[in-house]
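Each chain, letter by letter, is given below.
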Amino acid sequence: MSKEMLEAFATLENTKGIKQDIIVDAIKAALVAAYKKNYNQAQNVEVDFDERKGNFKVMAVKTVVDEVQDDRLEVSLKDALTINRAYEVGDEIRFEVTPKNFGRIAAQTAKQVIMQRLREAERKHIIDEYSQYEDELVTGTVERRDNRFVYVKIGNVEAVMPHRDQMPNEVYNPQDQIRVLVTHVGSDSKGAQITVSRTAPDMVKRLFEQEVPEIYDGTVEIVSIAREAGDRTKMAVKSNDPNIDPVGTCVGQKGARVQNVVNELGGENIDIVKYEEDPSDFIANALNPAEVIAVQFGDDEEEKSALVIVPDYQLSLAIGKKGQNVRLAARLTSYNIDIRPESEVEFVDEKTNDTADAADSSETSENVESTDDAADVESSDDTTTVEDSSKEDKTEE
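Residues numbered from 1 in each chain as written. Predicted model: local features only at pLDDT ≥ 70, side-chain atom pairs only at ≥ 80, totals over all residues. Heavy atoms only, no water.

### Details of the overall build of the protein chain
Logical step 1: The secondary structure content of the protein chain amounts to 12 helices and 15 strands.
Logical step 2: Counting across all 397 residues of the protein chain, residues that qualify as buried make up 35%.
Logical step 3: With an accessible surface of roughly 24400 Å², the protein chain has 45% of that area assigned to carbon and sulfur atoms. (Helix = DSSP H or I, 4+ residues; strand = E, 2+ residues; numbered from the N terminus. Buried < 20%, exposed > 50% of the residue type's maximum accessible area, 1.4 Å probe, protein only. Areas by Shrake-Rupley, 256 points an atom, 1.4 Å probe, with all protein chains shown as cover.)

### Description of the nonpolar core
The tendency in soluble globular proteins is for nonpolar side chains to be buried as a group.
Logical step 1: If you look at the biggest cluster of nonpolar residues, it comprises 40 residues, and the most contacted ones within it are Ile-194, Val-196, Phe-208 and Met-235.
Logical step 2: Of all the elements, strand S8 (residues 177-188) adds the most residues to this core, at five residues. (Core = buried A, V, L, I, M, F, W, Y, C linked by side-chain atoms within 4.5 Å.)

### Some words on the environment of Ser-187
Logical step 1: Topologically, Ser-187 is positioned in strand S8.
Logical step 2: Between the C-alpha atoms of Ser-187 and Glu-120, which are 67 residues apart in sequence, the distance is 9.7 Å.
Logical step 3: Those residues within four positions of Ser-187 in sequence are excluded, and the remaining contacts are Arg-123, Ile-127, Ala-192 and Gln-193. (Contact = heavy atoms within 4.5 Å.)

### A few points about the pairing of strand S14 (residues 305-310)
Logical step 1: Judged from the four bridges that link them, strand S13 (residues 294-297) and S14 form a sheet pairing that is antiparallel. Bridging from a neighbouring strand, Phe-297 pairs with Ala-306 of S14.
Logical step 2: Relative to strand S15 (residues 336-341), S14 is paired through six bridges, and the arrangement is parallel. Residue Ala-306 lies in a different strand from S15, and its bridge partner there is Ile-337. (Pairing = 2+ DSSP bridges.)

### What about empty space enclosed by the protein?
Logical step 1: Under the definition given, this model contains one cavity of 30 Å³ or more.
Logical step 2: The space that makes up the largest cavity amounts to roughly 30 Å³.
Logical step 3: Lining the largest cavity, in full, are Tyr-130, Tyr-133, Val-138, Ile-154, Val-182, Val-185 and Ile-194. (1 Å grid on protein atoms, 1.4 Å probe; cavity = no way out; pocket = protein on both sides within 12 Å on 5 of 7 lines; lining within 4 Å. Points joined across faces, edges and corners; volume = space filled by probe spheres on them.)

### A word on the sheet that holds strand S10 (residues 220-228)
Logical step 1: Ordered in space as S10-S11-S12, the three strands form an open sheet in which the pairing is mixed. Because the sheet does not close on itself, it has two edges, and the strands there are S10 and strand S12 (269-274). Each neighbouring strand pair of the sheet contributes to a mean axis angle of 20°, computed without reference to strand direction.
Logical step 2: Note: S10 against strand S11 (residues 232-239), eight bridges, orientation antiparallel. Bridge pairing in S11 links Ile-225 to Met-235. (Axes fitted to C-alpha atoms, helices over the stretch in contact; angles between N-to-C directions.)

### Regarding the pairing of strand S1 (residues 45-50)
Logical step 1: Here S1 shows a buried face lined by Val-45, Val-47 and Phe-49 and an unburied face lined by Glu-46, Asp-48 and Asp-50.
Logical step 2: Here S1 pairs with strand S2 (residues 55-65) via six bridges, running antiparallel. Its bridge partner lying in S2, Phe-49 is registered against Phe-56.

### Points about the sheet that holds S14
Logical step 1: Strand order in this open sheet of three strands is S13-S14-S15, and the pairing throughout is mixed. Bordering the open sheet on either side are S13 and S15, each of which pairs with just one other strand. Averaged over neighbouring strand pairs, the angle between their axes works out to 25° when direction is ignored.
Logical step 2: Contacting S13, S14 and S15, helix H9 (residues 279-286) runs over the sheet at an angle of about 125° to S13.

### Comments concerning helix H11 (residues 324-333)
Logical step 1: Among the 10 residues that make up H11, eight are buried, leaving the element largely enclosed by the rest of the structure.
Logical step 2: Among all positions of H11, only Gln-324, Asn-325, Val-326, Leu-328, Ala-329, Ala-330, Leu-332 and Thr-333 are buried.
Logical step 3: Packing partners of the buried residues in H11 comprise S10, S11, S12, H9, helix H10 (315-319) and S15.
Logical step 4: Where H11 ends, the next residue or the one after it, Ser-334, has phi of about 65°, a positive value.

### Focus on the packing of aromatic side chains
Logical step 1: As enumerated under the stated definition, the model contains four aromatic pairs in all.
Logical step 2: Aromatic pair Tyr-130 and Tyr-133: ring centres 5.9 Å apart, planes at 50°, arrangement tilted.
Logical step 3: The class for Tyr-133 is partly exposed, based on a relative accessible area of 35%.
Logical step 4: On the numbers, 5.6 Å between centres and 55° between planes, the contact of Phe-297 with Tyr-335 is tilted. Of this pair, Phe-297 sits in strand S13 while Tyr-335 sits in the loop between H11 and S15, placing them 38 residues apart in sequence.
Logical step 5: Residue Tyr-335 is classed as buried on the basis of its relative accessible area, which comes to 17%.
Logical step 6: A cation sits over an aromatic face here: Arg-144 above Tyr-151, 3.8 Å from the ring centre.
Logical step 7: Here the basic side chain of Lys-304 rests over the ring of Tyr-335, its NZ or CZ set 4.8 Å away from the ring centre. (Phe/Tyr/Trp six-rings, centres within 6.5 Å; stacked < 30°, edge-to-face > 60°. Lys NZ or Arg CZ within 6 Å of the ring centre and 35° of its normal.)

### Quick word on the pattern of salt bridges
Logical step 1: Counted by the stated rule, this structure contains 17 salt bridges.
Logical step 2: Salt-bridge contacts for Asp-135 lead to Arg-206; the nearest nitrogen and oxygen are separated by 3.1 Å. Pair noted here: Asp-135 is in the loop between helix H4 (103-130) and strand S5 (137-145) and Arg-206 is in helix H5 (residues 201-211), with a separation of 71 residues, a long-range link.
Logical step 3: Judged by relative accessible area, Asp-135 falls into the partly exposed class, the value being 28%.
Logical step 4: For Arg-206, a relative accessible area of 15% puts it in the buried group.
Logical step 5: The partner of Arg-340 in a salt bridge is Asp-338, and the shortest N-O contact between them spans 3.2 Å.
Logical step 6: Among the residues examined, Arg-340 registers a relative accessible area of 34% and is labelled partly exposed. (Salt bridge = Lys/Arg side-chain N within 4 Å of Asp/Glu carboxyl O.)

See the structure below:
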């Protein structure tokens, strides 16, 4: 039996990655627990393991005393000297008390404790191994699916992809190879659990890091991402190098870089906009492709609200289908955006007087130009008349 146990230890270590020391400790704890429960021996029980033979022994540790008060914990000096004449009061002696048969209850107790410790060890091993992949892209194989999850095999473990993390435009079939983002590595009552996603905004970020070296090395920075998975994503980028265009860098030559990301996401539309420190410019960029006339901010800075004015014919484009464009822009910029057409808004600001003065000046200039034009016309008419008169004179001759 001891040989089979050693073989079992080796198998567990190879298949589960659980070291033999952890397994031995689990069995020791199980045997102590079973012994405590069935023999009322608790305080002084230890378990030894013979690594060569694979045998376990239950040992009771007793203290040498002059007068024994509890024979479960103590041994008299007289008895101790019969074992070894070197023993003195206060020494500890270990006696083997391994029962010949623990019985059914003891065996069941041992089994339960062993399984619990093995689950804990396996859980810890999985968490230690896969916590380094949290918030990273990995490739897995779809195993199966039910009403709640798609189960994805990653290495030697099974990860779960909840319904909210599944792309609405994708169907996951067994044996499909898919790329997913590891969003959580933890544990629950059932053991270690790894959660993956295809809809998280960071999925887009990681894909661009792989496609665009400038993002990976920090030259171009992704500031924020707003995503409605499977349909449309807005991504704001900025460049830490004044000589590099962040939007063009992400798009790539002939759109090759962004197209690779779009293909990976099943045709999801991706808008890449330039981040600006000025909130009004940033909001205007975020509403692309709509044209923005002006952006006005509310008095309460904590609310972060903005009134955006657009030409009447651009209103539907700025709002987007079912409000998607303005909704994504609001999430991208962290502002509550209210869009109004130009015809419904009266501009009253510091620039009004300047605008009026400029208009008056423009009108005066136009009058002057008109006068000059009239003079030119008169001069032209005179010239024409002279030319015509000379022609008449020639005709008469």
